[in-house]
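Structural description and commentary
Letter by letter, the chains look like this.
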Amino acid sequence: MRKAVIAGNWKMFKTRSEARAFMDVFAPKVAGVNHCEIIIAPPFTALTTVIEATQGTRIAVAAQNLHWEKEGAFTGEISAPMIVELGCHAVIVGHSERRQYFGETDSTVRKKARAALAAGLTPIVCIGETSQEREAGETDAVLKRQISGGLAALTVEEFSRILVAYEPIWAIGTGQTATPAIAASAHRLIRQQVSEQFTTESAAQLRILYGGSVKPENISALMAEDDIDGALVGGASLDAQSFASIVKYPM
Ligand code: PGA
């Protein structure tokens with residue numbers, strides 16, 4: 001049985017005081033939740049604020065990015081040990097916005113995922129096709145390439161500690177959600193590729209989150225699909241009430 005994961009990616013939103021105000025409302029609303037793991041990924045500057053606010057709760061905190069080296073002359077970068085020391089549990093790796101605007105590739109994803117695992121963080125590895133790729137019938141090939149390229153060097157044990165987020169780029173921030181059937185079919189393809197690349201057990205245990213315009217109105221239908229194990233929520237995770245409704249989808 002795969003435990004569901006609902007993760008909120010705040011992207012470059014919320015100052016520390018805004019993060020605190022969110023947590024004051026959000027944490028009590030989800031206090032009774034144990035059907036899923038809850039993760040919040042604030043910007044680096046608000047990590048400690050959110051971590052403090054999650055003390056004594058079941059909410060885990062993720063960073064949105066990391067560098068693959070432990071330390072070094074890399075101005076503006078943050079390493080896995082720095083994130084771990086703050087009290088983070090996870091880190092988003094290879095989000096499509098990082099691939100699109102900051103030059104991330106399957107090769108940097110691979111290095112970042114390994115660095116995160118080595119430090120004891122759970123990498124949330126994001127993959128997904130663009131609208132042009134989907135229209136050209138290349139979705140399967142793109143997902144296979146991102147899995148084989150981005151996760152190639154992982155051992156079966158390392159792979160068992162990652163989360164994958166399927167985020168079709170055409171659905172991110174556009175209001176255009178993949179239908180549950182489209183998302184589930186991509187998730188099945190990912191599981192198939194994982195079973196070929198790792199083991200059938202790796203595939204059966206992997207939790208695959210769907211991301212792209214997830215809202216309180218569509219979460220239940222998405223989660224009703226067997227192969228959808230959770231959600232990575234952007235815009236709708238910025239509002240405490242809306243994110244709490246998403247987290248509480250079966251309640
Ligand atoms: P969205 O973003 O929910 O605003 O579409 C999802 C994501 O980028 O993780």
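For the structure given in this document, a descriptive report is provided here. Along every chain, residues carry numbers that run from 1 in the direction the sequence is written. Only residues with pLDDT of at least 70 get local features here, since the model is predicted, and only at 80 or more are side-chain atom pairs given and counted; chain-wide, interface and lining totals rely on the full set of residues. Side-chain descriptors were evaluated using all non-hydrogen atoms of the structure, hydrogens and water having been removed beforehand.

**Description of the packing of helix α7 (residues 139-150) against helix α9 (residues 180-197)**
What counts is decided by this rule: Here an angle of 0 to 180 degrees is reported between the N-to-C directions of two axes, which are lines fitted to C-alpha atoms, with helices fitted over the stretch in contact. Numbering of helices and strands starts at the N terminus; helices are DSSP runs of H or I of at least 4 residues and strands are runs of E of at least 2. Roughly parallel covers angles under 35 degrees, roughly antiparallel covers those over 145, roughly perpendicular covers 65 to 115, and oblique covers all other angles. Each crossing is labelled by how the near helix is turned from the far one, with a counterclockwise turn of less than a right angle marking it left-handed and a clockwise turn marking it right-handed. Here, two residues are considered to be in contact whenever any of their heavy atoms come within 4.5 Å of each other.
One way to put it is that α7 packs onto α9 with a least axis distance of 10 Å and a crossing angle of 40 degrees. Classed by the angle they form, the pair α7 and α9 counts as oblique. The two elements α7 and α9 cross, and the hand of that crossing is right-handed. Contacts between α7 and α9 involve D140, L143, K144, I147 and S148 on the former and, on the latter, A186, L189, I190, Q193, V194 and Q197.

**Observations regarding the layout of surface pockets**
What counts here: Any residue with an atom within 4 Å of a point lines the site, the site being either a cavity, points on a 1 Å grid over the protein atoms alone where a 1.4 Å probe fits but cannot get out, or a pocket, an open set with protein on both sides within 12 Å along at least 5 of 7 lines. Grid points are joined across faces, edges and corners, and a volume is the space filled by probe spheres set on the points. Each residue receives one of three labels: charged for Asp, Glu, Lys and Arg, nonpolar for Ala, Val, Leu, Ile, Met, Phe, Trp, Tyr, Cys and Pro, and polar for the others, Gly being one of them.
Volume-wise, the largest pocket comes out at about 480 Å³. Top contributing element to the lining of the largest pocket by residue count: helix α4 (residues 96-101), with three residues. Considering only residue class, the lining of the largest pocket consists of seven nonpolar, five polar and three charged. Considering only enclosed or pocket space, the second largest pocket measures out at about 270 Å³ in volume. Together, 21 residues line the second largest pocket, and E37, T122, R161, L163 and R207 are the ones closest to its centre. Element by element, the count of residues in the lining of the second largest pocket is highest for strand β2 (residues 36-41), at four residues. Taken together, the residues of the lining of the second largest pocket sort by class into ten nonpolar, six polar and five charged.

**Quick look at the sheet that holds β2**
Note the threshold: At least two DSSP bridges between two strands are needed for those strands to be called paired.
Read around the closed barrel, the eight strands follow the order β1-β2-β3-β4-β5-β6-β7-β8; overall the barrel is parallel. Recorded for the sheet is a direction-independent mean angle of 25 degrees between the axes of neighbouring strands. Note: strand β1 (residues 4-9) against strand β8 (residues 230-233), four bridges, orientation parallel. For I6, the partnering residue across the bridge sits in β8 and is A231.

**Some words on the site of the ligand**
Definition in use: Put simply, a residue is near a molecule or strand once any heavy atom of it comes within 4 Å of that molecule or strand. A 3.5 Å cut-off defines polar contacts: any pair of N or O atoms within that distance qualifies, except that in protein one atom must be a possible hydrogen donor and the other a possible acceptor, and neighbouring residues in sequence count only when both atoms are side-chain atoms. Accessible areas in this description were obtained via Shrake-Rupley with a 1.4 Å probe; residue shielding takes into account the shown protein chains only.
Among the 13 residues in the neighbourhood of the ligand, the closest are listed as K11, H95, E167, G173 and S213. Contact distances for the ligand include 2.7 Å between an oxygen atom and a side-chain N or O atom of H95. At 2.7 Å from an oxygen atom of the ligand is found a main-chain nitrogen or oxygen belonging to S213. Protein contacts shield 95% of the accessible area of the ligand, which totals 280 Å² for the unbound molecule.

**What to know about the pairing of β2**
The line we're drawing: With a 1.4 Å probe rolled over the protein chains alone, any residue whose accessible area is under 20% of its type maximum counts as buried; one over 50% counts as exposed, and the rest are partly exposed. Place the viewer so that the strands point away; then a crossover is right-handed whenever the path from the first strand over the helix to the second strand goes clockwise.
Of all six residues in β2, five are buried, a share of seventy percent or more. For β1 and β2, the ladder comprises six bridges, and the chain directions are parallel. Paired with A7 across the strands is I39, a residue of β2. In this fold, the crossover linking β1 to β2 by way of helix α1 (residues 16-29) has right-handed handedness.

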